[in-house]
Amino acid sequence: MKKIALLFIALVSFLACDNDDETATPVVESVVSISFTQSFDGSPITANEFNAISYTNENGEQLSISRLRYLMSDIVLTDANGTEAVIGDYSLVDVGENSGVLLEAPMTFEPGEYTLSMRFGFSDADNTNAAYPDLNAASWGVPAPLGGGYHYMQMEGMYINSEDVNTNYQYHTIRAAENPGEAPTLTDTSIAINLGTLTIEGSVTIIEVNMNIEEWYKNPIVWDLNELYTMLMPNYEAQIMMNQNGQNVFNLGLVNSAIDN
Amino acid sequence: MNKIILTSLILLLLASCGKDNDDALGYIPTPAEIATPLLFQQLIPEAVIPEDNPQTEEGIALGKRLFYDKRLSLDNSISCASCHRPQEGFSDSRTVSIGVDGAPGTRNSMPLVNLAFNYFGNFNWDGSAATLEEQHETPITSPIEMHSTFADITAMVEADANYPLQFEQAFNVTNVTKTEVTKALAQFVRTMVSGDSKFDRHLLGEATLTPQEQNGLDVFLDETRGDCFHCHGSPTNPLWTDNIFHNNGLDTTFDDRGRGDFTGDPNQFGQFKSPSLRNLAYTAPYMHDGRFATLEEVVNHYSEGLVYSDTIDPLMKAVDVGGVALSETDKADLVAFLLSLSDPSFINNPAFLPSNNP
């Protein structure tokens, strides 16, 4: 909520900076940021909503969220001519720490239509063991017996199990690894996400990319937390199912622009 | 020729623009680097050095002298090193620290190791200090620690035969204040880097793990057994800590609310900073209150001693039955692996031990 308020203030203050110049001015390029948000079936989730067992998944389990970190990579805006601009190679979003949630593009953009794409997790080509110092320091790595590289997501909290006991769950997604150990067989379960077309205009554009957490439990597989709540990293089938349920988790949210005139 | 004259003129001008106060003594301390182990260079971001307190040879030497100086305490009875003892991994084998007058503290002393690589700026068990400089103020003035005042310390420094010159050389000041005292201590503490354990050498191909240590590592990294790596680092995080706060299931209610006492957030009651697992061979007893005397007790805790509370970390597994119940072999091997992270060269490094000449 605070973030939204902040964005709003930022937008308003940009608007307030309008100049009254009547003469033809050069094209205003837009400063573009991606804002990563989360929701559970429509209600926003930030650190403020953490820890309360107040969400119900498709299978009917009540649950809380108390840690949520995920990695997005290859964040790219493509213009109408097919020219790509890489906004970020990767970004670790940590909802609890409110870090990585707003990613500002290193370049500005001319007004126009663009498509936005990114990847949930690292593709195999980028999922190089120990390659990213900041991610190593964030303890984001996957142990070697599971193929190394990095987590895609750590979503954790409590759910009330079928025996009415508050139980910790760890919904961790990684590259699926069969036969953990010396030489696991690996399957790239990162997810290419095409968020569709959007319009960039004005001096500032903030593009919201929303994770609908409910989807992880819903579609196409109705997830039963009683069965699959823990030790999911070495569970090859679970990782494949997470990949299936992850296909529609991310959506384009609001695109806010500050228009000069 | 003309150029030389011009340059000298400019230099003269610049020189005459210098501040006229006594503080400009003209000492230029010698810059010093943090000795960063190869693995750290390869794996993690650089050490965090505040812009307003660069490392210098003079500052580090001064900080070391202060660290071992008992005159920093009210009755000249204890120094930093009384609770951060070199042979105990710069921590303290007493369950809780004892301050001047035998005043007992409430927490186990923390080992001083690799603190220059804490990127998140959260020192103490509860993260109550954001910088080392800020941290060092507390033990000096706390009634249950050194119980002194900076006025007393400044007076002591000024009356000393060598300190005034040392402060001048390190910080270019004659007027010593809290700022320079804590800066010097922080420079010294930042040099305390440990990265030469058997396990480090194993990663560099210079040592071989025993089968027990290797199995212990597997237990540590296996989500179905130890699953320690989510909080305590791994071969790709050589700090062996995530430097963040967790409730690892020690208690159902909290005498010491840890992080939650500092932030006031009930969701953080009972959370403490994950300690680094380096140098455990020297740093017993364990946990924020020193409740476990041995690593076997620690491992038993994670294996079958976990207890539920509302803020228990979601990474803790099978809490309703106390944990995942490791086999006796896995437990023993886990301890063997943990001990391979101890670094004798760290506790015996003359650079960190008291020097004879002040």
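None of the values given here were measured: they were computed from a predicted structure.

Chemist: Explanation requested: the overall build of chain A in the structure shown.
Modeler: Within chain A, the regular secondary structure consists of three helices and 15 strands. Within chain A, buried positions represent 49% of all 261 residues. A separation of at least 24 residues holds for 71% of the contacts in chain A among residues at least 6 apart in sequence. With an accessible surface of roughly 11400 Å², chain A has 50% of that area assigned to carbon and sulfur atoms.

Chemist: What is the right way to look at the environment of Pro111(B) in this model?
Modeler: Residues and elements named next belong to chain B. Residue position: Pro111 is located in the loop between helix 4 (80-83) and helix 5 (132-141). Between the alpha carbons of Pro111 and Pro86 there is a distance of 9.3 Å; along the sequence they are 25 residues apart. With residues up to four places along the chain from it excluded, the contact list for Pro111 reads Gly89, Phe90, Ser91 and Thr283.

Chemist: Before we go on, may I ask you to explain the pairing of strand 9 (residues 153-160) of chain A in this structure?
Modeler: Looking along a regular strand, one sees side chains alternate from face to face of the sheet. Residues and elements named next belong to chain A. Burial analysis of strand 9 places seven of its eight residues in the buried class, which makes it a mostly covered element. For strand 5 (residues 67-79) and strand 9, the ladder comprises four bridges, and the chain directions are antiparallel. Bridge pairing in strand 9 places Tyr70 opposite Met153. Sheet topology note: the strand 9/strand 10 (residues 166-173) ladder contains eight bridges and is antiparallel.

Chemist: Can you help me understand the confidence of the model for chain B in this one?
Modeler: Caution is warranted with low-pLDDT regions, since their predicted coordinates should not be read in detail. When the pLDDT values of chain B are averaged, the result is 93; 92% of them are 70 or greater. A low-confidence stretch, residues 5-23 of chain B (pLDDT under 50), is modelled with four contacts involving residues beyond four sequence positions or located in other chains.

Chemist: How do you make sense of the domain arrangement of chain B when you look at a structure like this?
Modeler: Residue and element names in this part refer to chain B. Domain boundaries in chain B define domain 1 (38-193) and domain 2 (198-342). Each of domain 1 and domain 2 has a C-alpha centre, and the two are 27 Å apart. Summed over both partners, the interface of domain 1 with domain 2 comes to about 2300 Å²; 63% of that surface belongs to carbon and sulfur atoms. Looking at the side of domain 1 facing domain 2, the largest losses of area belong to Leu39, Trp125 and Asp126, adding up to 26% of the total buried there. There are one salt bridge connecting domain 1 and domain 2. One salt bridge in this structure joins Asp256 and Arg107, with 2.7 Å as the shortest N-O distance.

Chemist: What is the right way to read the environment of Ala186(B) from this model?
Modeler: All names here are of chain B. Mapping Ala186 onto the fold places it in helix 8 (residues 178-190). With 47 residues separating them in the primary sequence, Ala186 and Pro139 have C-alpha atoms 13 Å apart. Excluding residues that lie within four positions of it along the chain, Ala186 makes contacts with Asn53, Gln55, Leu132, Glu133 and His136.

Chemist: What is the right way to look at the interface of chain A and chain B in this model?
Modeler: By convention, interface size is frequently given as the accessible area that disappears when the constituent parts associate. If you look at the interface, chain A gives 28 residues, while chain B gives 28 residues. Summed over both sides, the interface between chain A and chain B buries roughly 2200 Å², with carbon and sulfur atoms accounting for 60% of that surface. Put simply, chain A and chain B have one salt bridge between them. Asp313(B) is the partner of Arg67(A) in a salt bridge, and the nearest nitrogen-oxygen pair spans 2.7 Å. Inspection of the chain A/chain B interface yields 14 residue pairs in polar contact (both at pLDDT 80 or more). Sorting the residues of the side of chain A that touches chain B by element identifies helix 2 (133-137), strand 9 and strand 10 of chain A as the ones contributing at least two each. When residues of the side of chain A that touches chain B are assigned to their parent elements, the largest contribution, five residues, is made by strand 10 of chain A.

Chemist: What am I meant to see in the nonpolar core here?
Modeler: Note on soluble globular proteins: their nonpolar side chains tend to be buried together. Counting 51 residues, the largest nonpolar core has Tyr70(A), Trp216(A) and Phe250(A) as its most contacted members. With sequence-adjacent residues up to four places away left out, Phe250(A) is seen in contact with Tyr70(A), Met72(A), Phe120(A), Ile193(A), Leu195(A), Val209(A), Asn210(A), Met211(A) and Trp216(A). In terms of nonpolar packing, the next biggest core, distinct from the first, is built from 41 residues, Ala32(B), Ile78(B), Ala129(B) and Phe188(B) among them.

Chemist: Help me out: how do you make sense of the side chain of Asn243(A) in this one?
Modeler: All names here are of chain A. Considering the arrangement of structural elements, one finds Asn243 in helix 3 (residues 236-245). The exposure class assigned to Asn243 is buried, which follows from its relative accessible area of 17%. Each residue touching Asn243, except ones within four places of it in the same chain, is listed here: Thr189, Ser190 and Ile191.

Thresholds applied
Residues numbered from 1 in each chain as written. Chains lettered and ligands numbered in written order. Predicted model: local features only at pLDDT ≥ 70, side-chain atom pairs only at ≥ 80, totals over all residues. Heavy atoms only, no water. Helix = DSSP H or I, 4+ residues; strand = E, 2+ residues; numbered from the N terminus. Buried < 20%, exposed > 50% of the residue type's maximum accessible area, 1.4 Å probe, protein only. Contact = heavy atoms within 4.5 Å. Areas by Shrake-Rupley, 256 points an atom, 1.4 Å probe, with all protein chains shown as cover. Pairing = 2+ DSSP bridges. pLDDT = per-residue confidence, 0-100. Domains from an automatic or database assignment. Buried area = accessible area lost by both parts, 1.4 Å probe. Salt bridge = Lys/Arg side-chain N within 4 Å of Asp/Glu carboxyl O. Polar contact = N/O pair within 3.5 Å; in protein donor to acceptor, adjacent residues only side chain to side chain. Core = buried A, V, L, I, M, F, W, Y, C linked by side-chain atoms within 4.5 Å.

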